[in-house]
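Here are the chains, one letter per residue:
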Amino acid sequence: MAFHSDRRDFLRQAALAGTGLGAAALGAWPGRAAAAGTVNWLAWGGHVEPQGIKSFFDSSGIRVNHIGMSGNAETFAKLKLSGTAQYDLFEADGLWPQRYMQEGMIEPVDLDSIPNVAKYLHPEFKKIPALQSGGKSLIVPWGWNPTVLIYNKAKVGTPPTSYEALIDPKYKGRIGFSDQHEFMWPVAAMLLGYAEPFKMNKAQLGKARDMLIRIKRNAPTISKGWNEQMRLYVDETVWIGLSSPGRALTIQAAGGPAMGHANPKEGYYGWIDGDMLVKGAANRDSALAWINHIHSPEYVATNFKRLQRGTANRGGMELLKQQGLVDMVKANLMDQPEVALNMRLIAAPPNQDEYAAAWNEVLAA
Amino acid sequence: MDEARAADRALLWGLVPMIVVQLALFVVPLAIMFVYSFWTTRDFQIVTEWTLANYRSFFDGWIYPKVLLRTLVAALIITALTLLAAYPLAYFIVRYTRRWQKLLLGAVILSFWTSGLLRAYAWMALLGDSGIINKGLKSIGLIDAPLPFLLFSPFAVVLVMTYFCLPFAVITIYASLEKMDWSLVDAAADLGASPMRAFGHVTLPQTLPGVASAAVLTFVPLTGMFFVPMLMGDASSVMIAPLIANQMQAFQLGLGAALSFIVAIVVMAALALSWRHLDLDGQAA
């Protein structure tokens, strides 16, 4: 009898819990926010300033839903699979916007139609040749930086001038190795003298893989993301690696050693990131209003002071200078936008499956 | 009686939401993944032609079998160490701490209150070159330079994963020990068995199903370990899960799905074999 009673209780509770969970799940189901006054923004977490979102809401009544994104390939794959309908804006860097354009996912933007962008963007970023379509821009440029060598000044006496430092046996266990393969393939390709790091054929890819395995064997670990890498530089576990030039300053600011940066003789790749407008976006006007807001010098200065990288926004740079952060502006090349146009950009390899397989071999070795 | 049955039947409807959730969030995604494992992708396009190419890829080169073997060996070592640490602890809690039992059990599961990632970072702070252990040993003059094997090494992965798995094993073995008929141990002692002999012939056999459950609860999640080996292992300690994740992130969904199923099949086969070998049928869990 007692058994019966227990089971009934259990089932009753299960029914209640099930119904409650079902109702909660239905209530929480994210629908397409088509109502005016909302922007669905798929963006890197580093670009988000909560205070900026609040002030935008206070002044416009428009709510910004930030959805975090990860790497380029992962985001492209996700959007390709699920579609873009639930977003109004999303981000990418390098030459990835071209892929989105080919797929008909984005609408090019007339940068001069957005007041703050027209007024504050460095003119160089308004006409990036590879990111134009019909006189409009595929992307509203946000940040940029070349990826160069950074090194611990005390531990590495002479500044490295070549990527060969990464395979130098004397630095065994002292090399930073990132899991961001988009930035690792160009290094291997340039060391091997290949002109197109993102268009390597199978044989070239095999050699590039072997080169990356050599670099990896000089590294103590594979680091995921910048914060983890920075910790390794700060506690002097690693001495040489790849990063944006301004990161040298970030490491010092975090209590790390004096760091330098050097442009390798083989050349370097870089990235320009920014926001893209979804083709047929449900909240197009609100999305453009948000773009206008984030390109205010105040938002830009707040964000780049925290992120330490190059900004495409001249107004933000000037504000940082006025705040006495000239060293930071210079370290991050914010006052040299021409560098952005001269660097080569990371891109989507057409033979993605071969690159993924080769990268797995690097990781597994 | 009929009324009671009818009431039960009516209440069974209460399980419908749970079954729907299981179907929608487990069975259906698994089925989709299974289908995908027979498809390929080309330039971010899914090619819906049935093929075994993804499964063949596993055996094409050396990397996947090698890394899977590495993962299984690591999981086996960590499982063994976890059980070796968990059993005495659970035994101690059951046998000698009647008054403080709940408090100690609470302490065992206390670590779950914090995110795993944070705990991993805390371990890094302990084991790093400038961590507490190296600094402490240096300050008392035992070492001149930081011990290189403490962090970014297989040692660090095994240590931290054992720490992560310990609560699962302790709780499972504790449940088994708690239910055990301890009068049998007393009887063995009365008949002249030494404590070790009584443990080997009475306690351990009775709690073996609990130990086996703890082993499964430890071993299976370990085959999917991801962030600890990435954070704490050396550059050559990559396990199978990051390789699968890499394929998924690169939109190689078919290959990623096939790899996942191969890992699952290997793990299930290993468990079935060991279960059969242990011959736990008929013993109370």
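Cut-off values and rules
Residues numbered from 1 in each chain as written. Chains lettered and ligands numbered in written order. Predicted model: local features only at pLDDT ≥ 70, side-chain atom pairs only at ≥ 80, totals over all residues. Axes fitted to C-alpha atoms, helices over the stretch in contact; angles between N-to-C directions. Helix = DSSP H or I, 4+ residues; strand = E, 2+ residues; numbered from the N terminus. Parallel < 35°, antiparallel > 145°, perpendicular 65-115°, else oblique. Left-handed = near helix turned anticlockwise from the far one by under 90°. Expected span 1.5 Å × (residues − 1). Contact = placed C-beta atoms within 7 Å. Domains from an automatic or database assignment. Nonpolar A, V, L, I, M, F, W, Y, C, P; charged D, E, K, R; others polar. Core = buried A, V, L, I, M, F, W, Y, C linked by C-beta atoms within 7 Å. Buried ≥ 20, exposed ≤ 12 C-beta atoms within 10 Å, placed from the backbone. Pairing = 2+ DSSP bridges.

**Quick look at the packing of helix 4 (residues 63–96) of chain B against helix 8 (residues 154–179) of chain B**
All names here are of chain B. Following both chains from N to C, one finds helix 4 and helix 8 inclined at 45 degrees, their axes separated by 6 Å at the closest point. With respect to their mutual orientation, helix 4 and helix 8 come out oblique. Relative to helix 8, helix 4 is oriented so that their crossing is right-handed.

**Thoughts on helix 7 (residues 202–216) of chain A**
Note on helix geometry: an α-helix contains 3.6 residues per turn, so any two residues three or four positions apart are oriented the same way. Between the first and last C-alpha of helix 7 of chain A there are 21 Å, a value that for 15 residues agrees with the 21 Å anticipated at 1.5 Å per step. Tucked inside the fold, the buried residues of helix 7 of chain A contact strand 8 (177–178), helix 6 (181–192) and helix 15 (352–364) of chain A.

**What to know about the domain arrangement of chain A**
Residue and element names in this part refer to chain A. Considered domain by domain, chain A is made up of domain 1 (38–144 + 272–341) and domain 2 (145–269 + 348–364). One C-alpha centre belongs to domain 1, the other to domain 2, and the line joining them spans 26 Å. The set of elements that each furnish at least two residues to the side of domain 1 that touches domain 2 consists of helix 3 (72–82), helix 4 (96–102), strand 7 (140–152) and helix 13 (326–331). Counted by class, the side of domain 1 that touches domain 2 contains eight nonpolar, five polar and two charged residues.

**Notes on the packing of helix 4 of chain B against helix 10 (residues 195–222) of chain B**
Residues and elements named next belong to chain B. Two numbers describe how helix 4 lies on helix 10: the axes approach to 9 Å, and their chain directions differ by 140 degrees. Relative to helix 10, the element helix 4 is oriented oblique. As for the relative orientation of helix 4 and helix 10, their crossing is right-handed in sense. Residues Ala75, Ile78, Thr79, Thr82, Leu83, Ala86 and Tyr87 of helix 4 touch helix 10, and the partners they reach there are Val211, Ala214, Ala215, Thr218, Phe219 and Leu222.

**Focus on the nonpolar core**
Counting residues in each nonpolar core, the largest one holds 172 residues, and the members touching the most others are Leu89(A), Ile173(B) and Met232(B). Split by domain, the residues of this core number at least three in each of domain 1 (38–144 + 272–341) and domain 2 (145–269 + 348–364) of chain A. Apart from the residues within four sequence positions on either side, Met232(B) is in contact with Ala120(B), Trp123(B), Met124(B), Leu151(B), Phe152(B), Ala156(B), Val157(B) and Val160(B).

**Concerning helix 10 of chain B**
Between its terminal C-alpha atoms helix 10 of chain B stretches only 34 Å, short of the 40 Å expected from 28 residues at 1.5 Å a residue. When helix 10 of chain B is considered as a whole, its buried residues turn out to be Val202(B), Thr203(B), Thr207(B), Gly210(B), Val211(B), Ala212(B), Ala214(B), Ala215(B), Thr218(B), Phe219(B) and Leu222(B).

**Digging into the pairing of strand 3 (residues 89–93) of chain A**
In regular strands, side chains alternate between the two faces of the sheet. Residue and element names in this part refer to chain A. Within strand 3, five of the five residues are buried, which leaves the element mostly enclosed by the surrounding structure. Alternating residues of strand 3 divide into Leu89, Glu91 and Asp93 and Phe90 and Ala92, and every residue in both groups is buried. As defined by bridge partners, strand 1 (residues 38–43) adjoins strand 3 across two bridges and the pair is classed as parallel. When the bridges of strand 3 are listed, leucine 42 appears paired with phenylalanine 90. With five bridges joining them, strand 3 and strand 12 (residues 269–278) adopt antiparallel strand pairing. The partner of alanine 92 across the bridge, within strand 12, is glycine 274.

**Some remarks on unusual backbone geometry**
All names here are of chain A. With a phi close to 55 degrees, glutamine 308 is a non-glycine residue in the positive phi region. By the element assignment, glutamine 308 lies in the loop between helix 11 (297–307) and strand 13 (310–311). Even without a glycine there, the phi angle at leucine 333 is positive, about 55 degrees. Inspection of the secondary structure assignment puts leucine 333 in the loop between helix 13 and helix 14 (337–342).

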